[in-house]
Amino acid sequence: MDIEPIAIIGIGCRFPGASNPEAFWQLLCNKVDAIAPIPSNRHHLHSCFLPDPTSSQSQLIQGGFLEQIDQFDPQFFGIAPQEAVSIDPQQRLLLEVTWEALEDAGLIPQKLSASATGVFVGIAGSDYYEMMATERTTNGYAVTANLSSVVANRISYVLNLSGPSLSINTACSSSLMAVHLACQSLRSQESSLAIAAGVSITLFPEVTASLTNAGLISPTGRCRAFDAQADGFVRGEGVGVVVLKLLSQALADSDPIYAVIRGSAVNQDGRSNGLGAPNLQAQQALLQQAYQNAGISPSSVQYVEAQGAGTLLGDAIELKALATVLGKNRPPADKCRIGSVKTNIGHLEAASGIAGLIKVALSLKYGQIPPNLHFQQPNPNVALDKLLLQVQQNLEPYKSNRPCIAGVSTFGFGGTNAHIVMEASPDLVVESSLVERPLHVLTLSAKTQTALRSLAHSYHEFLVNHPDVSIADVCFSANTGRTSFNHRLAVTGDSTAQIAERLEAFALCQESVGLVSGLVKPKKVPKIGFLFTGLRNDTLKLDRQLYETAPIFRRVVDRCNAIAQPLLGKSLLDFFLYPATVGETPTDNTAFCTALFTLQIALCELWKSWGIEPSVVMGISLGEYAAACIAGILSLEDAIKLLISGQEYFQSRIPKGAMVIVFADEQRVAAAIKPYADKVVISLLAGPMVLISGEQHAVDAVVAVVEAEGVTTLWWNTSYALHFPFIESPEENFAQYESDYTFSAPKIPIISGVTGQLSDDAMSIMKYWRTIIQEPVRFSTGMQTMHQQGVTVFVEIGPKADLLSMGILCLPEETGVWLPSLRPGQSNVQQLLSSLAELYVLGVPVNWLEFDRDYSRERLQLPTYPFERQSYWLNSDLVSNHQETAFSTSKHKSSLSSQPRGLDVLIPELTTSLTREQLAAYPEKQQQLLEEYLTKQIAKVSGLPPSDLDVEQPINTLGLDSLMSIQIVNSVRKDLDLELPLEMMFKDISLIDLVRQLQTQQISCL
């Protein structure tokens, strides 16, 4: 049968003694036995002792137990604490581990929203629900929070997935059945991506007691699979999640691949010696069908992760079935190795299959087979030495002379069996790049500052423990495969050690160069303004590093040079951008201006390729050519030709002279130059500084006058009087070639440097460009216009930060963020990446895929999100309070009266509520009163501490469900006699938006 292989591209797990895949692999390789008495910190959570009929003492349960099963981070998933305490810990564990598996696969969960991603979960029961019923603490969340049918649905709901979503209960084979169905869904194109999982938590001792009475639980507390001393299994807990994709798609997407599922099969024992008894014929048929489906000869299998439950009868039957099917046509010296993960972590029941699958996936990835524990003498019910099977007892590699093929088996207690056929991932050929960026940016983010520091610590540990890892691949994997939350960190560095050192500094709250962090306000994506410099006062002074290591930048520079070189008769590269002689000052002003234009266009295109798009652009003087080109007014070819044509004309007519910056206001400067009105003019207005231009002797005279009055001046490095109105009119020269150019309306808002106002069409006519060099630059007005357009981030496109220095003076203090593209004394790449890091931390979306498009990159498995967990259990005050507030009526009062933790009184005079009269009495405090009132109401129904509530945070991220929202709406109606539309509670609006809605009603009623 020719079926599409399935790739395992992501893994998440939490097993006894191992909290992630890497830790699980180390546990397996190091022969760790994770079976132990139940942790003491779990004694208060549930009944954990079995009555011992032969003793007056109780028998402590042995097993494979998880730590902190009561811990959860509900706010991360938008779940209110009031609901979280009612949710089955199996659902909570699945949410966290599913997120970790998606991150491990390099998938951003938000980008899966509304996708046909299927969710398939193996689960066999809910002890937590039984405990709630016993304690009589059921509430409105008990059903959705605990029914096993909702386990998969909650994942789909939280992540907004639209593919099939189902929970499967076939006892011990549940999770492998989930994998089998997930593979079928992918092959039928019902799902585009699949999440397959299994989970099992043990809270009640009664099930263990029943299994003990049936003789299935090991009295010695160890699972001795295939051994003569096998006396039953040990119960274990855990959760495992795998992310699946069609192999062809995974290869096309360059996904990391742990292993490949070649095929699978499921069947049923039918009528055997008992409902829970194994069936030899059924197991043989299962194996034959699985390998037939996979198109693989059973004799080629090198390893099988067996059911291996540790019972003499069950193990013997499984060994005979494996030997019959896998031994056919197998060379005598080529025994198939077998093992069972139950010897390490116990029998995880509904999650046992996924545990075995993950073990094999890791085994195939690393090319080694982990040892099976507790094997000394073979099962006496089968002559193992005569079978072509061998119990794996040491860590050994797969045989390299043929494909690495392995199988995984699980057999359900009710007779449903499953087998998965797996193979090592194909070798991926990563095309090497001829260039590499000399510096890298690592971005991390979290929902809180505490979590961000914890994440930085995790990455620091990862880099320290993997010193040879490619820092470029680490940055690529983190930047492209993680969600961007509002607490952000960006670190620049040139090596693993350097970035690790800076991460450690941040984790320890220490200062360090090369890192920037900050908090992005919800729904506050800043607008960016590009500023194009144009006044020459120095050489470009560029290093070649950017040109040699940034292919996009290089391509644009080369294209501009190809257009300009025939017109100039010389190369921009060799003489102006990257001259052979360092420090050489070019004398060809036309070529220099064209080189500056080329630099600006190349920088702009590089920024845009990284996703940094301007909302508004403005150029001054010659920078207007580049601004117009980026805005779409002129094509690249026309802009270069127009620039060269104009400069060639002006260079022969611009009078010799001087330019000086005068640090005084326009009125004072105008008065100083008035006696020299025909020889000195104002060339540029920039707030408290003015640039004057004119004949040398007249400029000298003006400078003497203002300096005598105590005014500071600064000479501009030029021997020409630019923006001088007395330059001979170029009208006839330009008119001759006007038909050679095509002007278009701007596609991006552009501010004219001449007027300082938005230009709809003024810059799209030749007349504008005929007079640009004669008119003064109204930079101050332009900056104010840009500010009025909502721009808060100003990026200078040029070799220096001259415009930023002037722009800061034109706007109110502490207005905006000012970022240079390049800066003298700093390498070009260093400055660009430093500004990019700032933009990311400000909340500007960065296209990290395009950022690394031209380089060889490999996706790595990196540390996952550090959830901030707290205890949420059925005896929590939150449960009691919610039952009291949500379900008490005048006819029925709950006896539970505890108040939720962490709720402080916000307004002493409003300990219970706010009234309409109080709002009317304090109109100047109306917004504050409503903010405090709604904060208190949300905290009351959700269980969130008021300190965690930000008035600008979207309320649909707080975990408020319809029940909680109705309570808030009813409180507003009762206390304030105002209407808060229920549908508003589910929109992407903030608490402050609700306040404004109520204020509108309050004002209209006054």
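Throughout, residues of each chain are indexed from 1 in the direction in which the sequence is written. For this predicted model, a pLDDT threshold of at least 70 governs which residues receive local features, and a threshold of 80 or more governs which side-chain atom pairs are given and counted, while totals over whole chains, interfaces and linings are taken from all residues. Hydrogens are left out, water is left out, and the side-chain values use all remaining heavy atoms of the structure.

**Details of the overall build of the chain**
And step 1. The number of helices and strands found in the chain is 35 helices and 32 strands.
And step 2. Expressed along its principal axes, the backbone C-alpha trace of the chain runs to roughly 115 × 80 × 45 Å.
And step 3. Across the 1006 residues of the chain, 58% fall into the buried class.
And step 4. Throughout, a residue-residue contact means that at least one pair of heavy atoms, one from each residue, lies within 4.5 Å. Contacts in the chain between residues far apart in sequence, at least 24 positions, make up 78% of those at least 6 positions apart. Helix and strand assignments follow DSSP, with helices taken as H or I runs no shorter than four residues and strands as E runs no shorter than two, numbered in order from the N terminus. Here's how the labels work: a residue is buried when its accessible area is under 20% of the maximum for its type, exposed when over 50%, partly exposed in between, all with a 1.4 Å probe on protein chains only.

**So, the environment of Phe 663**
And step 1. Position of Phe 663 relative to the elements: it lies in the loop between strand 24 (658-662) and helix 23 (666-673).
And step 2. When the C-alpha atoms of Phe 663 and Pro 688 are compared, they prove to be 5.9 Å apart, with 25 residues separating the residues in sequence.
And step 3. Those residues in contact with Phe 663, other than ones at most four positions away along the chain, are Pro 688, Met 689, Val 711, Thr 712, Thr 713 and Leu 714.

**Quick word on the sheet that holds strand 20 (residues 487-493)**
And step 1. Pairing between strands requires that DSSP locate at least two bridges from one strand to the other. Taken in spatial order, the 3 strands make up an open sheet running 19-20-21, and their pairing is antiparallel. Among the strands making up the open sheet, the edge pair consists of strand 19 (440-446) and strand 21 (515-519). Mean inter-strand twist for the sheet, computed between neighbouring axes without regard to direction, equals 15°.
And step 2. Here 7 bridges tie strand 19 to strand 20, and the two strands are oriented antiparallel to one another. What sits directly across from Ser 445, in strand 20, is Arg 488.
And step 3. Sheet strands touched by helix 16 (residues 496-507): strand 19, strand 20 and strand 21. Its angle to strand 20, the strand with the most contacts, is close to 145°. Helix axes are fitted only over the stretch in contact, all axes being lines through C-alpha atoms; the angle between N-to-C directions runs from 0 to 180 degrees.

**A closer look at the packing of helix 27 (residues 779-788) against helix 28 (residues 802-810)**
Working note: a packed helix pair is described by the angle between its axes plus the distance between those axes.
And step 1. Orientation of helix 27 relative to helix 28, taken along the N-to-C sense of each, is 75°, at an axis distance of 9 Å. By the angle class used here, helix 27 and helix 28 are roughly perpendicular. Residues Phe 779, Ser 780, Met 783 and Gln 784 of helix 27 lie in contact with helix 28, whose contacting residues are Leu 803, Met 806, Gly 807 and Cys 810.
And step 2. For the contact of helix 27 with helix 28, a count of residues per class yields 5 nonpolar, 3 polar and no charged. Comment on the angle field: the value is read as roughly parallel under 35 degrees, roughly antiparallel over 145, roughly perpendicular from 65 to 115, and oblique elsewhere. Polarity classes work like this: nonpolar for Ala, Val, Leu, Ile, Met, Phe, Trp, Tyr, Cys and Pro, charged for Asp, Glu, Lys and Arg, and polar for all others, with Gly in that last group.

**A word on a nonpolar patch on the surface**
And step 1. Put simply, a patch holds well-exposed residues, over 30% relative accessible area, that have no salt bridge, with like charges counted together within 9 Å and Val, Leu, Ile, Met, Phe, Trp or Tyr side chains within 5 Å. A 1.4 Å probe and the Shrake-Rupley method give the accessible areas. Residues count as covered only by the protein chains that appear here. Take a side-chain nitrogen of Lys or Arg and a carboxyl oxygen of Asp or Glu: if they are within 4 Å of each other, that pair is a salt bridge. A contiguous nonpolar surface patch, about 240 Å² in accessible area, is contributed by Ile 966, Leu 982 and Phe 986.
And step 2. Within the secondary structure layout, Phe 986 lies in the loop between helix 34 (962-976) and helix 35 (991-1005).

**Description of the pairing of strand 26 (residues 689-694)**
And step 1. Most of strand 26 is tucked away, with 6 of its 6 residues classed as buried.
And step 2. Where strand 24 meets strand 26, 5 bridges bridge the pair, whose relative direction is antiparallel. Bridging across to strand 26, Val 660 finds its partner in Ile 692.
And step 3. Where strand 25 (residues 680-686) lies against strand 26, 6 bridges are found, and the strand directions are antiparallel. Counterpart to Ala 686 in the pairing with strand 26 is Met 689.
And step 4. Taking the residues that link successive antiparallel strands as the turn, the strand 25-strand 26 hairpin has 2 residues, and the phi of Gly 687 there is positive, at about 65°.

**Side note on helix 13 (residues 352-366)**
Within an α-helix, residues lying three or four positions from one another point in the same direction, as the helix has 3.6 residues per turn.
And step 1. Under the convention used throughout, the expected extent of a helix is 1.5 Å for every residue step, that is, one less than its residue count. Along its 15 residues, helix 13 runs 21 Å from first to last C-alpha, staying within 8% of the 21 Å computed at 1.5 Å per residue.
And step 2. Judged by how many residues are buried, helix 13 sits mostly within the fold: 13 of 15 residues are covered.
And step 3. Remark: Gly 367 follows helix 13 within two positions and exhibits a positive phi of approximately 70°.

**Considerations on the pairing of strand 13 (residues 336-339)**
And step 1. Of the two faces of strand 13, both are covered, the one formed by Cys 336 and Ile 338 as well as the one formed by Arg 337 and Gly 339.
And step 2. In this structure, strand 12 (residues 303-305) lies alongside strand 13, joined through 3 bridges in parallel fashion. Bridging across to strand 13, Glu 305 finds its partner in Gly 339.
And step 3. With helix 11 (residues 312-326) bridging strand 12 and its parallel neighbour strand 13, the resulting β-α-β unit is right-handed.
And step 4. Two elements, strand 13 and strand 15 (residues 389-391), share 3 bridges in a ladder whose sense is parallel. Across the sheet, residue Cys 336 finds its bridge partner in strand 15, namely Leu 389. Seen with its strands pointing away from the viewer, a crossover is right-handed when the path leading from the first strand over the helix to the second is clockwise.

**Regarding the layout of surface pockets**
And step 1. Points on a 1 Å grid, built from protein atoms alone, make a cavity when a 1.4 Å probe fits but cannot get out and make a pocket when they are open with protein on both sides within 12 Å along at least 5 of 7 lines; residues with an atom within 4 Å of a point are the lining residues. Grid points are joined across faces, edges and corners, and a volume is the space filled by probe spheres set on the points. Estimates place the volume of the second largest pocket at around 1200 Å³.
And step 2. Forming the walls of the second largest pocket are 44 residues, and the residues nearest its centre are Asn 20, Pro 21, Glu 22, Pro 863 and Thr 864.
And step 3. Contributing elements (two or more residues each) for the lining of the second largest pocket: strand 1 (6-14), helix 1 (21-29), helix 3 (89-104), helix 13 and helix 14 (449-465).
And step 4. Among the elements that take part in the lining of the second largest pocket, helix 14 stands out by supplying 6 residues, more than any other.

**Quick look at the sheet that holds strand 10 (residues 238-246)**
And step 1. With respect to topology, 11 strands assemble into an open sheet ordered 8-7-9-10-1-11-18-17-12-13-15, the strand pairing being mixed. Each of the sheet's edge strands pairs with one partner strand only, and the pair in question is strand 8 (165-168) and strand 15. On average, each strand axis in the sheet is tilted by 25° relative to the strand beside it, whichever way the strands run.
And step 2. The strands touched by helix 10 (residues 280-294) are strand 11 (259-268), strand 12, strand 17 (405-411) and strand 18 (416-424); relative to strand 11, the strand with the most contacts, the crossing angle is about 145°.

**Here's the deal with the confidence of the model for the chain**
And step 1. The predictor rates its confidence in each residue with pLDDT, a number between 0 and 100. Per-chain confidence: the chain averages 88 in pLDDT, with 90% of residues scoring 70 or above.
And step 2. Segment residues 879-912 is flagged for pLDDT under 50; beyond a separation of four residues in sequence, or across chains, it makes 66 contacts in the model.

**Notes on the environment of Glu 130**
And step 1. When you line up the elements, Glu 130 lands in helix 4 (residues 127-135).
And step 2. Owing to a relative accessible area of 42%, Glu 130 belongs among the partly exposed residues under this scheme.
And step 3. Distance from Glu 130 to Asn 146, taken between C-alpha atoms, is 9.3 Å for residues 16 residues apart in sequence.

**Let's talk about unusual backbone geometry**
And step 1. Residue His 374 is not a glycine yet carries a positive backbone phi of 60°.
And step 2. Note on placement: His 374 falls in the loop between strand 14 (368-369) and strand 15.
And step 3. Taking the relative accessible area as the measure of exposure, His 374 reaches 23% and is therefore partly exposed.
And step 4. Positive phi outside glycine occurs at Ser 621, with the angle close to 55°.

**Concerning helix 34**
And step 1. Between its terminal C-alpha atoms helix 34 stretches 21 Å, which fits the 21 Å expected from 15 residues at 1.5 Å a residue.
And step 2. Listing the buried residues of helix 34 in full gives Met 964, Ser 965, Gln 967, Ile 968, Val 969, Ser 971, Val 972, Asp 975 and Leu 976.
And step 3. Two residues or fewer after helix 34 comes Asp 977, characterised by a positive phi angle close to 55°.

**Looking at the nonpolar core**
And step 1. Nine residue types can take part in a nonpolar core, namely buried Ala, Val, Leu, Ile, Met, Phe, Trp, Tyr and Cys, and a core is a set of them joined through side-chain atoms within 4.5 Å. Counting 116 residues, the largest nonpolar core has Phe 553, Trp 769 and Phe 779 as its most contacted members.
And step 2. Considering every element that reaches this core, the biggest residue donor is helix 20 (residues 589-609), with 13 residues.
And step 3. With 109 residues, the next largest nonpolar core counts Ala 101, Ala 105, Tyr 128 and Tyr 872 among its residues.

**Here we look at the side chain of Lys 359**
And step 1. Mapping Lys 359 onto the fold places it in helix 13.
And step 2. Side-chain atoms alone can form a polar contact between residues adjacent in sequence; in general such a contact is a pair of N or O atoms within 3.5 Å, and within protein one must be able to donate a hydrogen while the other accepts it. Side chain to side chain, Lys 359 and Tyr 303 meet in a polar contact 3.1 Å long.
And step 3. Within the local environment of Lys 359, its side chain forms a polar contact with the side chain of Glu 305, the two groups lying 2.9 Å apart.
And step 4. Once residues within four sequence positions are removed from consideration, Lys 359 is found in contact with Phe 24, Trp 25, Leu 28, Tyr 303, Glu 305, Gly 339, Ser 340, Val 341 and Pro 370.

**Let's talk about the pattern of salt bridges**
And step 1. Under the criterion given, the structure shown has 30 salt bridges.
And step 2. Between Lys 245 and Asp 253 there is a salt bridge, and its shortest N-O distance comes to 2.9 Å.
And step 3. Assessed through its relative accessible area of 8%, Lys 245 is described here as buried.
And step 4. Classification of Asp 253 by relative accessible area gives partly exposed; the value is 34%.
And step 5. Here Asp 558 makes a salt bridge to Arg 554, at a shortest N to O gap of 4.0 Å. Within this pair, Asp 558 and its partner Arg 554 are both found in helix 18 (residues 551-568), separated by 4 residues, close to a single helical turn.
And step 6. Judged by relative accessible area, which is 34%, Arg 554 ranks as partly exposed.
And step 7. Here the salt bridges share partners, and the residues they tie into one network are Arg 14, Glu 96, Glu 100 and Arg 869.

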